[in-house]
Amino acid sequence: MGVDKMRISGIKFRETLLSQMKDYLDGRITKEEYYNQAEPFYTEYANTYENPLFHKCFMDKVPDACLLYIDEPGLTPEIKESRFHEALQEAYVTLEKL
């Protein structure tokens, strides 16, 4: 689904980020697919949503989770999946309230 750069609103930005998280949490996409959607989307459209608390929460939790449980070696795939799911679930619950 393409997103028109000029037309995306802050509300649409928030809804899309939460929807991407929910797709992962509900098992519709892998953590790698989530990362491949969320990272470029956030980078491109973050400036459309003026909620500093939302951005702080997202940036405090999601990039670290992606780095630790997708990119970093050392943990078993099962542990990576479990911890990533836990981190994203926590971020989702918090972000949904903001």
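This is a predicted model, so every value here is computed, not measured.

Conventions we followed
- Residues numbered from 1 in each chain as written.
- Predicted model: local features only at pLDDT ≥ 70, side-chain atom pairs only at ≥ 80, totals over all residues.
- Heavy atoms only, no water.
- Helix = DSSP H or I, 4+ residues; strand = E, 2+ residues; numbered from the N terminus.
- Core = buried A, V, L, I, M, F, W, Y, C linked by side-chain atoms within 4.5 Å.
- Buried < 20%, exposed > 50% of the residue type's maximum accessible area, 1.4 Å probe, protein only.
- Contact = heavy atoms within 4.5 Å.
- pLDDT = per-residue confidence, 0-100.
- Phe/Tyr/Trp six-rings, centres within 6.5 Å; stacked < 30°, edge-to-face > 60°.

*Asks:* Could you give an account of the environment of Gly27, with specific residues and numbers?
*Replies:* Within the secondary structure, Gly27 is located in the loop between helix 1 (10-25) and helix 2 (31-45). Counting along the chain gives 58 residues from Gly27 to His85, while the straight-line C-alpha distance between them is 9.9 Å.

*Asks:* Hey, could you go over the nonpolar core for me, with residue numbers and the actual values?
*Replies:* General note: in soluble globular proteins, nonpolar side chains tend to be found buried as a group. Phe13, Met21, Tyr34 and Phe84 are the most contacted members of the largest nonpolar core, which has 28 residues in total. Among the secondary structure elements, those contributing two or more residues to this core are helix 1, helix 2, helix 3 (52-71) and helix 4 (77-97). Considering every element that reaches this core, the biggest residue donor is helix 3, with eight residues. For Phe84, the contacting residues outside a window of four places in its chain are Tyr24, Lys31, Tyr34, Ala65, Cys66, Tyr69 and Ile70.

*Asks:* Could you give an account of the confidence of the model for the chain, naming the residues involved and the relevant values?
*Replies:* In the predicted model, the chain carries a mean pLDDT of 91, and the fraction of residues at 70 or more is 93%. Looking over the chain, one finds the lowest element-wise mean pLDDT in helix 3, namely 93, and the highest in helix 4, namely 96.

*Asks:* Help me get a handle on the packing of aromatic side chains, residues and values and all.
*Replies:* Throughout the structure, instances matching the rule amount to eight aromatic pairs. With a centroid separation of 5.7 Å and an interplanar angle of 50 degrees, the aromatic rings of Phe13 and Tyr42 are classed as tilted. With Phe13 in helix 1 and Tyr42 in helix 2, the pair connects residues that are 29 residues apart, well separated along the chain. There is no split in this pair, since Phe13 and Tyr42 are both buried.

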